[in-house]
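Survey of secondary and tertiary structure
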Amino acid sequence: MAEPTTSEYRLIGQRVPYVEGPLKVTGRAEYTDDIQRPGTLVGRLLRSPWPHARLRAVDVSAARALPGVFAVLTGERYPTTFGVLPITHDETAIAVDKARYIGDIIAAVAATDERTAERALALIRFDAEPLPEYADPRGGTDRVPEPIHSRGLNGSNIQKEVVQHFGDVDAAFARAAHSVRVRGNFAGVTHAFTEPLVTIAESTPDGRLTVWSATQVPHYLHRSLSEVLGIPMHRIRVIKPEVGGGFGGKSDPLPHEIACAALALETGRPVKLLVDREDVFYTNHGRHPTQNEVRIATDADGQILAYDIEALIDGGAWSSFGTVTTYYNGVLSMGPYRVPNFRYRGRRVYTTKPPSGAMRAHGGTNIRYSIEVALDQLAERAHLDPFDLRERNALPPNSTTVNQFRITSTSFRKCLAAARAKSGWDRKFRQLPYGRGVGLGCGFYISGSNSPIHFTPVMPQSTVHLKVDMDGGIAAHSMQADIGQGSNTLLALIVAEVLGVDIERVHVQRVDSDVSPVDLGSYSSRVTFMMGNAARSAAEKIRAELLTAAAELTGRPVDEMQVGHERYFSRVDPEVGVTFLEALHRAMARSGALVASGSFNTSPLGGTFKGARAGTAPAYSFAAYVAELEVDVETGVYQVETVWAAFDCGRALNRLAVEGQIEGSVHMGLGQVMGEAMNYRGTRLMNPSLLEYKIPMPQQMPKVEILLVGDDDPEGPFGAKEAGEGPLIATLPAVGNALYDAVGVRFTDLPITPDKVLKGIDQRRQEGRPWKGA
Amino acid sequence: MPSLAPLRFRLNGHPAEVPAEAARILLDLLREDLHLTGTKRGCDLGTCGCCTVLVDGRPTLSCLTLARLVEGRSVTTIEGISPPQGLSPLQRAFVETGATQCGFCTPGFVVTATALLRDHPHPTREEILRAISGNLCRCTGYTKIVEAIETAAGGGA
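Residues numbered from 1 in each chain as written. Chains lettered and ligands numbered in written order. Predicted model: local features only at pLDDT ≥ 70, side-chain atom pairs only at ≥ 80, totals over all residues.

Let's shift gears to the domain arrangement of chain A. Residue and element names in this part refer to chain A. Along its sequence, chain A is organised into domain 1 (6-29 + 460-600), domain 2 (39-374) and domain 3 (394-453 + 615-774). Each partner contributes residues to the interface: domain 1 has 23 residues there, and domain 3 has 25 residues. Contributions of two or more residues to the side of domain 1 that touches domain 3 are made by helix 12 (487-499) and helix 13 (527-554). Sort the elements by how many residues they give to the side of domain 1 that touches domain 3 and helix 13 lands first, with six residues. Residue classes in the side of domain 1 that touches domain 3 are distributed as nine nonpolar, eleven polar and three charged. (Domains from an automatic or database assignment. Contact = placed C-beta atoms within 7 Å. Helix = DSSP H or I, 4+ residues; strand = E, 2+ residues; numbered from the N terminus. Nonpolar A, V, L, I, M, F, W, Y, C, P; charged D, E, K, R; others polar.)

Here you go:
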């Protein structure tokens, strides 16, 4: 069927309020902690006070003897390792032989109430031998006396090393007209979602285990529970209630989820395990603290000749997504530009600190900051406007990168043009008064990882089931995980668009592994692209049945029938038609309720070299942001006033949700620039609370001018690509480069706190250098 | 066992009498004893605002409030703010502007903003920002939350 023209869409591209909005504004939306099963026990975890220790013996007898205690578990009960990536299983639900960071789970208790559980934890006695602690990844790159894990490379704490070289980087630098080197140092940041981690588990006499959890990837949790607990997947039921934000922090299967299920199995009672806010910080899995060095070479005209990149990534105690992180710090550095020669060495090193993992715009954020700051310097050196430099190097549509990423749609040039025009760049850049500045930052991001994390069995990345019964309601099932980004609304929107019905007919069902077909969940910005295509496919099957029924009822040929609003009619004679319900009931006479399954899978992409699949995606989003800010040069405090966010997400399917993702991304990106940091003294986290780990206040939020300029993607549903993570990346360098424009100081490390700004200003004053330009 | 003397207060407009230990926290009393789960537990430290309720009409962090302190006073939760059918103008504005994403902070914002609009029916932007500065939202960048409050204040219904 031919693609309808833009004007033919009824709902696609509109501002569609979130379908669950009325439940959320009244407090009626049900989150995991709101569920109260009768007879529920309280689960609590004992966490390691040692950064690194051998656990020799443990005495739980006093804890077990305490009245009201139903179970006390230590690591040896379920020693099977797990982890989100099948190739790096190195976690256990509860520490088995060693504790590897302050906060590592070393015992779990289920008791009648919180107080009893806490008393039981206090009665557990460990005989622990302290081991060397490793706070800095630089101390773990060679052989160490006591590796944190036995799988470290050659007796070191290196978890993963990636070396890639395409083209001839040294030759490119040798003939370069300009080159720069930027060394960056990035503090770790964390997701700071508002809903703490929480799990409920219940084992029932029919041999089944039900787990409710605040997770954004219920399918991987399902697999991990099965692997660690030794229970076949079909006997485990995973339910995802509403989730209060994730941003990657609820995408790993987490140890407390498995420990909670283990307590339920042990006790035969429902167990609720709420991880308190402090322990949410220790659980972390946030953005990796990273040290990097970027060298870029260009010819005299500013054409990029080569990138040469090194990254040293602080992994914390577990692998988590770390192998992916290590690749991404290299491969996500290149787009949106054409880079003909590329060399990368990345190492992710275990430390005895809370694990880092995936956080919004995973793997691309820190490296892109360094690249964009380096390009700003190069533009200055080559006497080019930063926009012109980027324009000159933009990847064209339908091209292939040096590491064999397939680029189909890109509206990056349109992003540049829109951001430049709307921000008034040409009359502001290097022309604003001292203390005021504008900066440009650009980005790109994967629209779904082309390779699912689990390769076997081979199955689609996303499946959607629809059921339409005689009441005219449409039940939509999928394990796609709405964590606030609006994917339930998107699913309803697509189904309603395809069938021509009002969106309130579509009821998106809660994720429940018993009835929801597998979708791999909310990570890698995959949901719009993959679930969207699956939903469209399922709805088109239902539509075919309805159009056939409409043809039968009207006596017209089926290929003459078309979809209207709640009706199907003849395109030849538009007065001839039937209502949605008439068509539905006719179709149901044959087979009862209409049911359909739609699915989506990616086709193979990328090269054949080792690691070639990392970063391949069926499409990529692109961004060009301009930030304008004002620095108080006496205090170093700065306020970002406006961000012009030009973004290419293909066709925006729900404009309201896309705006929400961009505004939220700017806020989160701003947090990492302006002050968010996981602060450690040695291996001890110093700020595990939302008071000391500060996200930007409402007053610090700039005006965000959203410029959606994307052309339709050829493979995305209705031409759409991702808008959940890519919008974060460009924020950071736009601010960093604007600070340079404002006060003439280069900031290569994040966060850029007022004290650093003030120090930079003072230093420049002492050097007596003019504030604008080099 | 600690004594469980009854606590008497007005809850969402009705008299309530609940057993409560001296150390019982208002948030726990609401969520666990009374099953009013619209009030959310985000931090237990008064840092996120998700647990905001009105005590005698004033936005109050229920996680930092001993239940005993509301003896004889009036407590309004998100359940008490919501009309029996449909939505309040402010709630409708939150839905229509897309001011909810994950929604976990939303009840706290709605409670806070309801009090703001009651006392200042036409707040300035600065007053809105100040009023909500004790409520954290990690999803929206506050943009659409401020827009929703402005929409509701601008004649709302």
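The next subject is the domain arrangement of chain B. All names here are of chain B. Each assigned domain of chain B is listed here: domain 1 (6-81) and domain 2 (89-153). Here domain 1 and domain 2 have C-alpha centroids that lie 21 Å from each other. Counting from both sides, the interface comprises 16 residues of domain 1 and, opposite them, twelve residues of domain 2. Counting residues per element, the ones that place at least two in the side of domain 1 that touches domain 2 are strand 3 (52-55), strand 4 (58-61) and helix 2 (78-81). By residue number, the principal contributor to the side of domain 1 that touches domain 2 is strand 3, which donates three residues.

On to the nonpolar core, then. It is characteristic of soluble globular proteins that their nonpolar side chains tend to be buried jointly. Residues and elements named next belong to chain A. Within the largest apolar cluster, 297 residues are counted, with the highest numbers of intra-cluster contacts made by V109, A259, V495, A624, Y625, A646 and L739. Of the residues forming this core, the biggest block, 13 residues, is contributed by helix 13. With residues up to four places along the chain from it excluded, the contact list for Y625 reads A419, G441, V643, W644, A645, A646, A730, T731 and A734. (Core = buried A, V, L, I, M, F, W, Y, C linked by C-beta atoms within 7 Å. Buried ≥ 20, exposed ≤ 12 C-beta atoms within 10 Å, placed from the backbone.)

In this section: the pairing of strand 5 (residues 105-111) of chain A. A regular strand places its side chains on the two faces of the sheet in alternate fashion. Residue and element names in this part refer to chain A. Among the seven residues that make up strand 5, seven are buried, leaving the element largely enclosed by the rest of the structure. With six bridges joining them, strand 1 (residues 41-47) and strand 5 adopt antiparallel strand pairing. Paired with L45 across the strands is A108, a residue of strand 5. The pairing of strand 3 (residues 69-73) with strand 5 spans four bridges and is antiparallel. Its bridge partner lying in strand 5, V72 is registered against V109. (Pairing = 2+ DSSP bridges.)

The next thing to look at is helix 14 (residues 580-591) of chain A. Residues and elements named next belong to chain A. For helix 14, which comprises twelve residues, the first-to-last C-alpha distance of 17 Å matches the rise-based estimate of 16 Å (1.5 Å per residue) to within 8%. Of the residues making up helix 14, those classed as buried are F580, A583, L584 and A587. Seen end-on, helix 14 carries its buried residues on one side only, within an arc spanning 100°. Downstream of helix 14 by one or two residues, G592 has phi in the positive range, about 75°. (Expected span 1.5 Å × (residues − 1). Arc of directions from axis to C-beta.)

Residue-level contacts link 44 residues of chain A with 42 residues of chain B. Of all the secondary structure elements, the ones that give two or more residues to the side of chain A that touches chain B are helix 1 (21-25) and helix 15 (655-674) of chain A. Top contributing element to the side of chain A that touches chain B by residue count: helix 15 of chain A, with seven residues.

The next point concerns the environment of E575 of chain A. Residues and elements named next belong to chain A. Examined against the element boundaries, E575 turns out to sit in the loop between strand 24 (567-570) and strand 25 (577-579). Judged by local crowding, E575 falls into the exposed class, with 6 C-beta atoms found within 10 Å. A sequence separation of 372 residues divides E575 from S203, and the C-alpha atoms of the two residues are 58 Å apart.

Another point: helix 11 (residues 412-423) of chain A. Residue and element names in this part refer to chain A. A rise of 1.5 Å per residue sets the reference length of helix 11, with its twelve residues, at 16 Å; its end C-alpha atoms lie 16 Å apart and thus fit the reference within 8%. When helix 11 is considered as a whole, its buried residues turn out to be F412, C415, L416, A418, A419, R420 and S423. Of the surrounding secondary structure, the elements contacted by the buried residues of helix 11 are helix 10 (386-393), strand 18 (436-446), strand 27 (620-631), strand 28 (638-648) and strand 31 (703-708). Positive backbone phi, at 70°, marks G424, one or two positions downstream of helix 11.

Attention now goes to the confidence of the model for chain B. Chain-level pLDDT for chain B is 95 on average; 96% of the residues reach the 70-or-more range. The ipTM value of the predicted complex is 0.97, and its pTM value is 0.97. (pLDDT = per-residue confidence, 0-100.)

Residue and element names in this part refer to chain A. Most of strand 19 (residues 462-468) is tucked away: six of the seven residues are buried. Note: strand 19 against strand 26 (residues 594-600), seven bridges, orientation antiparallel. Across the sheet, the residue bridging to H465 is S597, located in strand 26. In this sheet, strand 20 (residues 474-477) lies alongside strand 19 in antiparallel orientation, the contact comprising four bridges. Of the residues in strand 20, the one forming a bridge with K467 is A475. Taken together, strand 19 and the strand that follows it, strand 20, pair antiparallel across an intervening segment of five residues, in which G472 is found at a positive phi of about 80°.

This next bit is on the packing of helix 9 (residues 365-381) of chain A against helix 17 (residues 731-743) of chain A. In helix packing, the relevant descriptors are the interaxial angle and the interaxial distance, both defined with respect to the helix axes. Residues and elements named next belong to chain A. Put simply, helix 9 and helix 17 touch, their axes get as near as 8 Å, and they point 35° apart. Judged by the sense of rotation from one axis to the other, the crossing of helix 9 with helix 17 is right-handed. On the side of helix 9, the interface is formed by T365, R368, Y369, E372, V373 and D376, while helix 17 contributes L732, P733, G736, N737 and Y740. Its residues placed into classes, the contact of helix 9 with helix 17 shows five nonpolar, three polar and three charged. (Axes fitted to C-alpha atoms, helices over the stretch in contact; angles between N-to-C directions. Left-handed = near helix turned anticlockwise from the far one by under 90°.)

This part is about unusual backbone geometry. Residue and element names in this part refer to chain A. With an omega of 5°, the peptide bond running from G335 to P336 counts as cis. For the peptide bond that leads from L750 to P751, omega is 0°, which places it in the cis range. Relative to the elements of secondary structure, P751 occurs in the loop between helix 17 and helix 18 (754-767). For N284, which is not a glycine, the phi torsion comes out positive at approximately 50°.

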